[in-house]
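Structural overview
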Amino acid sequence: MTKKRVYLDHSATTPMDTGVFEAMKPFLGEIFANPSSVHSFGQEAKKHLEEARDKIAEILNAESSREIIFTSCGTESNNLAVKGAAGACSGKGGHVITSSIEHHAVLNPCEHLQKNGFEITLAEAGARGTVDPEKIMNAVTDRTVMISVMFANNETGAVQPVKELGRLIAEKNEERAAKKLPKIVFHTDAVQAAGKLKIDAQELGVDFLSISAHKFYGPKGVGCLYVRRGAKLEPLLHGGHHERNLRAGTENLAGIVGMAKALELAVLGMPKEQERLAELRDKFEKSLKKEIPEVTINAAGVERLSSVTSASFSCVEGEALLLSLDLEGIACSTGSACASGSLEPSHVLKAMGVDPALAQGTLRFSFGHGNTEDDVDYVMSVLPAAVEKLRKMSPIWKNRKTAEKK
Ligand SMILES: *Cc1c(COP(=O)(O)O)cnc(C)c1O
């Protein structure tokens, strides 16, 4: 009998939807031309490229398709927004505000800016795992040129007050215009939110918004950046005149067509699927709390993505628990995929004030299309015993239990 396998790591990446695969096929074969070529082959490719752009622009409610710039991934989109916008306004000021719970694809570009003379403020997220818009606005100085706050956190799923921030930044920009100060541009990393929450770029009041196809059942290696009309940006890649001179390099047409299809499918199925996932997650969290002592669900008190459970188990090594689940065919993660392998506790949990030892005992379970109630039952048939076994090896746990018995 083949062993049961359960994939609960959809925040790291998702399997490609079959509809997406079908949509991409012609572009891996007969429609191969360079969209920048003048001949009819190129023009045909160009037509499909622009159709994909139109579709994505419409779904994100951009004002125009010209506001969509294709990139190679979420990381590139974030780099282009953070470094590109800072580069475009340097000389006029040099202060950037971001949050302590951002993905490294935002934090590390900010660190790079810091090395190049920018001042960076990391706004605290607080125990609930969300940033406080008022605190962010209080950090604004005359030199502030950019604010970057993610839409939904990749470790806890906590949804950030992006819309409120957009409103406050717009108000601030009106005051600043009167004082002839540069406009503050606003970027959001919406990589985890895309396909799970409604994204309306105009309503959010953002200048830049990043998404990545492989997080919503599209292909890997393709993303885009929404760049609001008039928002200034310096390219990272210099070369041909692709993507309105903002991103040189021949477009990944198959990937782009796949991304447009994936976004369309995700948004179409969103209300039903998100409700279904929330039910699965709630069932999972309920039995976690019932069957395992001393487990905390992170960011439980705030609006969260319906697909994510971040659970901290006291006196357990997260990495060891992950491996014992893996032996049973269950895939989850400690923190984010990009940070695993490092022994550092998650910067997100640290920012939330979670005790470092408890942060080390944290696993992220992220649900998706393929998961059913059966999967939750299977995980719960394995997890409590795995936790208990590891706790029996923990001196702290043993001492505590002995003390309790006395
Ligand atoms: C996955 C992820 C990224 C990086 O996207 P890639 O396409 O893998 O480069 C950026 N931000 C968040 C919040 C993510 O979850």
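Residues numbered from 1 in each chain as written. Predicted model: local features only at pLDDT ≥ 70, side-chain atom pairs only at ≥ 80, totals over all residues. Heavy atoms only, no water.

With respect to the overall build of the protein chain
- Scanning the protein chain from N- to C-terminus turns up 13 helices and 12 strands.
- Compactness check: the protein chain gives a C-alpha radius of gyration of 22 Å against a globular reference of 22 Å for 406 residues, within 12% of the reference.
- Along the first, second and third principal axes, the C-alpha atoms of the protein chain reach 80 × 55 × 35 Å.
- Considering the protein chain as a whole, with its 406 residues, one finds that 55% of them fall into the buried category.
- As presented, the protein chain carries roughly 18,400 Å² of accessible surface, and 55% of it is formed by carbon and sulfur atoms. (Helix = DSSP H or I, 4+ residues; strand = E, 2+ residues; numbered from the N terminus. Rg over C-alpha atoms; globule rule 2.2 N^0.38 Å. Buried < 20%, exposed > 50% of the residue type's maximum accessible area, 1.4 Å probe, protein only. Areas by Shrake-Rupley, 256 points an atom, 1.4 Å probe, with all protein chains shown as cover.)

Observations regarding the side chain of serine 100
- The topology assignment puts serine 100 in the loop between β3 (95–99) and α4 (104–115).
- With sequence-adjacent residues up to four places away left out, serine 100 is seen in contact with Leu107, Leu122, Ala123, Glu124, Ala125, His347 and Ala351. (Contact = heavy atoms within 4.5 Å.)

Some words on the packing of helix α3 (residues 74–89) against α4
- Closest axis-to-axis distance for the α3/α4 pair is 9 Å, and the angle between their directions is 30 degrees. The pairing of α3 with α4 is recorded here as roughly parallel in orientation. The hand of the α3/α4 crossing is right-handed. Residue-level inspection shows Thr75, Asn78, Asn79, Val82, Lys83 and Ala86 of α3 in contact with α4, the latter providing Ala105, Val106, Pro109, Cys110, His112 and Leu113.
- Of the residues belonging to the contact of α3 with α4, the class tally is seven nonpolar, four polar and one charged. (Axes fitted to C-alpha atoms, helices over the stretch in contact; angles between N-to-C directions. Parallel < 35°, antiparallel > 145°, perpendicular 65-115°, else oblique. Left-handed = near helix turned anticlockwise from the far one by under 90°. Nonpolar A, V, L, I, M, F, W, Y, C, P; charged D, E, K, R; others polar.)

Nothing here speaks to function; it is all geometry.
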